[in-house]
2 protein chains.
Amino acid sequence: MIRAEPLTAAAFAPFGDVLDTAGTPDRIINQDRCGRFHDRARLDFGPGGRAGISLFRAEPCSLPLTLDLVERHPLGSQAFVPMAAEPFLVVVAPDAGGVPGPVRAFLAAPGQGVNLLRGTWHGVLTPLGPTGLFAVIDRIGPGTNLEEHTLSDPPVIVAAG
Amino acid sequence: MIRAEPLTAAAFAPFGDVLDTAGTPDRIINQDRCGRFHDRARLDFGPGGRAGISLFRAEPCSLPLTLDLVERHPLGSQAFVPMAAEPFLVVVAPDAGGVPGPVRAFLAAPGQGVNLLRGTWHGVLTPLGPTGLFAVIDRIGPGTNLEEHTLSDPPVIVAAG
């Protein structure tokens, strides 16, 4: 059993970036009506790739959730930006010699997105609200950019606390 | 006075791309639990630039709205992805010899984002819901990527119908 942790930049740093407005804006723009939190994702589209924006519409999930499949994208980073103010679950694992190591689960709060670093093992998209709509910024280009791994001992992920 | 039009891909094409899930997904992924609407934005980060993800938090606006300032980014495209299911106003204008031509206004519905083509004249970010939170995918790099133009006869933008 794995408890979902709060999604913080420090805890998530080995896996990717938290896209939120924690802290103060880097710049104030638009006649002082807008704060810009600048360049918050370590994007990486590898050789031969370029950035693309796609939309994902995924079926809502709920906790507890049994995770039997993780995947990674060896050629590029992948960012998930929720298009509704709803939470989602972010499941990741460090690499352990070509297979996923111990799984961790983070609960993205409304207003938070994530950018997964190139090659980060992660679960499939698991919205916890009804909308399930995300903008995904990832690599467009040739090559095999998906590796899947079925977990032999699928963990059950539960809400924190 | 300018009436805000519904935001459709066809009407908006000269200015940019509508980011939404109109139509059927291009691919079904994640064990059939997710539809991918693939590569929907004409991204362009120009020479010497790269893609970045920033977050914008803007003050909510309401209609009618007087628009006195438009701007454009000569070195790259700029995409706005709302992080709450709330409408926003998208004001654009064609270029007319280095200055903005006739202004048009589009009403982005909840679940819609936009990508502005490189060099498109546009108004500043005008959320019509309370959250005002957007992910912005635009160019990071050297050079002057902002040109502003004050409208001598500021139009008033009103809701459709």
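Residues numbered from 1 in each chain as written. Chains lettered and ligands numbered in written order. Predicted model: local features only at pLDDT ≥ 70, side-chain atom pairs only at ≥ 80, totals over all residues. Heavy atoms only, no water.

Caption draft 1: The environment of B:Pro100, seen in detail. Residue and element names in this part refer to chain B. Structurally, Pro-100 is set in strand E12 (residues 99-100). The exposure class of Pro-100 is buried, given its relative accessible area of 13%. In contact with Pro-100, not counting residues within four places along its chain, are Val-70, Ala-93, Pro-94, Trp-121, His-149 and Leu-151. (Helix = DSSP H or I, 4+ residues; strand = E, 2+ residues; numbered from the N terminus. Buried < 20%, exposed > 50% of the residue type's maximum accessible area, 1.4 Å probe, protein only. Contact = heavy atoms within 4.5 Å.)

Caption draft 2: Structural view of the packing of aromatic side chains. If you walk through the whole model with that rule in mind, you get 10 aromatic pairs over all chains. In textbook terms, an aromatic cluster arises when at least three aromatic residues are bridged by ring pairs, as seen for A:Phe12, A:Phe15 and A:Phe106. (Phe/Tyr/Trp six-rings, centres within 6.5 Å; stacked < 30°, edge-to-face > 60°.)

Caption draft 3: The arrangement of the interface of chain B and chain A in detail. Contact residues are listed per partner, giving 50 residues for chain B and 50 residues for chain A. At the boundary of chain B with chain A, total buried surface from both sides reaches about 3,900 Å², with 57% on carbon and sulfur atoms. It is B:Arg33, B:Ile53 and B:Leu55 in chain B that bury the most area against chain A; as a group they hold 18% of the surface buried on that side. A salt bridge links B:Arg33 to A:Glu59, with the shortest nitrogen-to-oxygen separation between them at 3.5 Å. On inspection of chain B and its partner chain A, the count reaches 20 residue pairs in polar contact (both at pLDDT 80 or more). Listed by contribution, the elements that provide at least two residues to the side of chain B that touches chain A are strand E5 (34-37), strand E6 (50-58), strand E8 (69-72), strand E9 (78-82) and strand E17 (133-140) of chain B. Ranked by the residues each element gives to the side of chain B that touches chain A, the list is headed by E6(B), at nine residues. (Buried area = accessible area lost by both parts, 1.4 Å probe. Salt bridge = Lys/Arg side-chain N within 4 Å of Asp/Glu carboxyl O. Polar contact = N/O pair within 3.5 Å; in protein donor to acceptor, adjacent residues only side chain to side chain.)

Caption draft 4: Molecular detail of the sheet that holds strand E1 (residues 2-3) of chain B. Residues and elements named next belong to chain B. Judged by pairing direction, the sheet is mixed, and its three strands sit side by side in the order E1-E19-E7 without closing on themselves. Every other strand in the sheet has two partners, leaving E1 and strand E7 (65-66) as the edge strands with one partner each. By the bridge criterion, two bridges tie E1 to strand E19 (residues 156-158) in an arrangement that is parallel. Opposite Arg-3, over in E19, you have Val-158 as the bridge partner. (Pairing = 2+ DSSP bridges.)

Caption draft 5: Structural view of the relation of the copies chain B and chain A. After a rotation of 180° and a shift along the axis of 0.0 Å, chain B superposes on chain A with an RMSD of 0.0 Å. These values place the two chain copies in the arrangement generated by a two-fold rotation axis. Taken as a fraction of all interface residues of chain B, those also at the interface in chain A reach 100%, which identifies the copy contact as same-surface. (Least-squares fit on C-alpha atoms with pLDDT ≥ 70 in both.)

Caption draft 6: Geometry of the environment of A:Cys61. Counting through the fold element by element, A:Cys61 comes out in the loop between strand E6 (50-58) and strand E7 (65-66). Taking the relative accessible area as the measure of exposure, A:Cys61 reaches 15% and is therefore buried. Sequence separation of A:Cys61 and A:Leu125 is 64 residues, and the distance between their C-alpha atoms is 9.2 Å. Beyond its immediate stretch of four places on either side in the chain, A:Cys61 contacts A:Thr126, A:Pro127, A:Leu128 and B:Arg33.

Caption draft 7: Focus on unusual backbone geometry. Cis geometry marks the peptide bond from A:Leu63 to A:Pro64; its omega dihedral reads -5°. If you trace the backbone, A:Pro64 turns up in the loop between E6 and E7. At B:Asp32, a residue that is not glycine, the phi angle is positive and equals roughly 65°. Relative to the helices and strands, B:Asp32 is located in the loop between strand E4 (27-29) and E5.

Caption draft 8: Representation of the sheet that holds strand E14 (residues 113-116) of chain A. What the seven strands build is an open sheet, ordered E3(A)-E14(A)-E9(A)-E17(A)-E6(A)-E5(B)-E4(B); its pairing is antiparallel. Where the open sheet ends on each side, the last strands, each with one partner, are strand E3 (16-19) of chain A together with E4 of chain B. Strand-to-strand twist across the sheet, computed as the mean angle between neighbouring axes with direction ignored, equals 25°. Bridge count for E3(A) against E14(A) is four bridges, and the pairing is antiparallel. Note that in E14(A) the partner of A:Leu19 across the bridge is A:Gly113. (Axes fitted to C-alpha atoms, helices over the stretch in contact; angles between N-to-C directions.)

Caption draft 9: The nonpolar core, seen in detail. Counting residues in hydrophobic clusters, the biggest one holds 28 residues, and the most contacted among them are A:Ile53, A:Val81, A:Ile137, B:Ile53, B:Val81 and B:Ile137. Of all the secondary structure elements, the ones that give two or more residues to this core are E6, strand E9 (78-82) and strand E17 (133-140) of chain A together with E6, E9 and E17 of chain B. Beyond its immediate stretch of four places on either side in the chain, B:Ile53 contacts A:Leu19, A:Asp39, A:Arg40, A:Ala41, A:Leu43, A:Ala79, A:Ile137, B:Ala135, B:Val136 and B:Ile137. (Core = buried A, V, L, I, M, F, W, Y, C linked by side-chain atoms within 4.5 Å.)

Caption draft 10: Just the side chain of B:Thr120, in detail. All names here are of chain B. Note on placement: Thr-120 falls in the loop between strand E14 (113-116) and strand E15 (121-123). Among the polar contacts listed, one links the side chain of Thr-120 to the backbone oxygen of Leu-117, at a separation of 2.9 Å. The residues contacting Thr-120, other than those within four sequence positions of it, are Phe-15, Glu-71, Arg-72 and Val-92.

Caption draft 11: Summary view of the pairing of E5(B). Of the two faces of E5(B), the one holding B:Cys34 and B:Arg36 and the one holding B:Gly35 and B:Phe37 are both buried throughout. Sheet topology note: the E6(A)/E5(B) ladder contains four bridges and is antiparallel. By the bridge assignment, A:Arg57 is partnered in E5(B) with B:Gly35. What sits between E4(B) and E5(B) in their antiparallel hairpin is a turn of four residues, with B:Asn30 showing a positive phi close to 55°.

All we've got here are geometric facts, nothing functional implied.
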